[in-house]
Amino acid sequence: MAVEQPMPTTPGDQTRIHNIGYRNYDGPRLGRSYATRSLYSQSLRGAYGLGRSVKSKVLPMLLFVVMCVPAAIMVAVAVATKAKDLPVDYTRYAIIMQAVISLYVASQAPQSVSRDLRFKTVPLYFSRPIETADYVRAKFAALASAMFILTAAPLIVLYVGALLAKLDFADQTKGFGQGLVSVALLSLLFAGIGLVIASVTPRRGFGIAAVIAVMTISYGAVSTLQAIADSQGSTSAIPWIGLFSPVTLIDGVQSAFLGASSAFPGEVGPSNGEGVVYVLVVLGLIAACYGLLMRRYRKVGL
Amino acid sequence: MIATESLSKRFPRVTALDRLSVDVGPGVTGLVGANGAGKSTLIKILLGLSPASEGRAEVLGLDVATKGAAIRERVGYMPEHDCLPPDVSATEFVVHMARMSGLPPTAARERTADTLRHVGLYEERYRPIGGYSTGMKQRVKLAQALVHDPQLVFLDEPTNGLDPVGRDEMLGLIRRIHTDFGISVLVTSHLLGELERTCDHVVVIDGGKLLRSSSTTDFTQTTTTLAIEVTDTDAHPDGTRAVREALHARGVEVLDGTNGLPGAGHILLLTAQGDETYDLVRDIVADLGLGLVRMEQRRHHISEVFHSDAEAQDMTKEAAVHGS
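Let me begin by describing the structure that accompanies this report. (Residues numbered from 1 in each chain as written. Chains lettered and ligands numbered in written order. Predicted model: local features only at pLDDT ≥ 70, side-chain atom pairs only at ≥ 80, totals over all residues.)

As a further point, take the interface of chain A and chain B. Between chain A and chain B, the residue contacts involve 35 residues of the former and 37 residues of the latter. Among the elements of the structure, helix 1 (31-47) and helix 5 (122-126) of chain A are those that each provide at least two residues to the side of chain A that touches chain B. The biggest single contributor to the side of chain A that touches chain B is helix 1 of chain A, with seven residues. A breakdown of the residues in the side of chain A that touches chain B according to their chemical character gives 17 nonpolar, 11 polar and seven charged. (Contact = placed C-beta atoms within 7 Å. Helix = DSSP H or I, 4+ residues; strand = E, 2+ residues; numbered from the N terminus. Nonpolar A, V, L, I, M, F, W, Y, C, P; charged D, E, K, R; others polar.)

One key point about sheets: their strands pair by backbone hydrogen bonds, in either a parallel or an antiparallel sense. Residues and elements named next belong to chain B. Read across the open sheet, the six strands follow the order 6-7-8-3-9-10; overall the sheet is mixed. Each edge of the open sheet is held by one strand with a lone partner, namely strand 6 (75-78) and strand 10 (209-215). In this sheet, adjacent strand axes meet at a mean angle of 15 degrees when their direction is disregarded. One ladder, built from six bridges, connects strand 9 (residues 201-206) with strand 10; its direction is antiparallel. Its bridge partner being in strand 10, Asp 206 is matched across the sheet by Lys 209. On the sheet, helix 5 (residues 134-146) packs against strand 6 and strand 7 (152-156) and is oriented at approximately 165 degrees with respect to strand 6. (Pairing = 2+ DSSP bridges. Axes fitted to C-alpha atoms, helices over the stretch in contact; angles between N-to-C directions.)

Once that is clear, we can look at the nonpolar core. A:Leu143, A:Leu158, A:Leu195, B:Leu46, B:Val94 and B:Val153 are the most contacted members of the largest nonpolar core, which totals 146 residues. Ranked by residue count, the leading element in this core is helix 6 (residues 132-164) of chain A, at 16 residues. Filtering out sequence-adjacent residues up to four positions away, A:Leu195 remains in contact with A:Ala109, A:Ser112, A:Val113, A:Lys139, A:Phe140, A:Leu143, A:Cys289 and A:Leu293. (Core = buried A, V, L, I, M, F, W, Y, C linked by C-beta atoms within 7 Å. Buried ≥ 20, exposed ≤ 12 C-beta atoms within 10 Å, placed from the backbone.)

As structure tokens, this is what we get:
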């Protein structure tokens, strides 16, 4: 543990003697859970490009700014015009910004797991005290946390702004809380889906394309079908169609339970009964993603 | 350090290890075998990452089947393949790996600086690994295996892809891991010659079976071949022939093993019986007034050991085929 101590030097004497022999380490070894936490913090930092090259900081930081700027503008407008309410609900914000969120998970999920596969760093991790489950948990938690930071930061901007604009405190706090629960669910779901897709391929490009495809195609297909169902008057089908894309799933959950107004056509959110199905599907998907990741990494040994 | 007892590993199609029983003590131990002989499988089992089909193994007195995590905390592993992300610096990477081994942040940074210096990486350690040469990458791989000051390291083919100078440096480094750092080493290679010079003990496996386990001195006594090349002078227009005849006169026969190789006519091969052979060659060359261009121990390919073993122990043809 001792730092290399230069020998005391007499003034004017520039020579220093360093002890360059090998020193054994007899300090503490903190074991498996510490190693897992280290992997978590390294992956979380990595999700914003920290500890990596300047180039890899650009995209995540840019997306973070893009997420926050509209919130800042809304706050500025609300303060300037002395509006009675924020132009956008806390729960609605993530749904509006879903393209940015999808882009973020598409770029960072492969960064988190495909790199380890591609450069075969995974065997090095498993030659350490951690086990497969620790690796999966650390990576999952790290990406979900990164997503939460991304989606919760603009909500904080909105909340602080709302308080500065002297909007109703209780009302805003409730909305803010509901928004946080919603983005937490969204972070877990998106992180899970992104990681499962990315962990299949060691090629980062494929990973990015596949995640974007799954996120946007499913949303496009679902909202088109909902629009058709709406125009044909079969409004009861709309909530059920919404079960098939991650964004509409979150939308459904929050409009059923978190007091959000739905973005579904005709603004018909799922009823409470249907909402239970939504919640179960979201939780089931998150669990399924975790299970799939565990299965995937059982095969990736040395 | 390591003890295995009729350790077997069977995959649906192949038997990677077949009732292997071997004892490895402290020091530098070479694990030699052709590709697919079961070296990497053995390391995987010893790290507790892959269960054995049969038999048992202990590393540092800990059972691999139940104490995997404890073993991995005290053991270092340098894989054969590339395992370094190109966009981070060596320092960053090794610090991370140190923390993954359970070292607290400050200790991880100190140990990283120390270890990278010991493996011979200086200013370049702050640059991204992507720009490193193969030799430097091998050093980073070695550093991440040593950074947590393990009691034992597994080095899987550490000289792979290195040029002769890089190879020698790496072998010197491996030697120092034991002599200076006090860490025992299990190093694999398919080149016996390399390991002869570095290891205290050599274990040869083939087809998952133990072929031989002995200290290196035994090996060198039976297998050292000396290659000699001399200059020609006016007095002796064909210096090579003159030496061969002089050796013949002293009763030392030259081996016939360089046929077909470029420059083969100018290289003499003979079996070294010990220090006397070196002295004899030196004296003969000096007496003839020739220049000695080279006198070196020939590196053996693993197959040669198998062949000589086959001759010596009258082994079955099958084993010889395996070896070649």
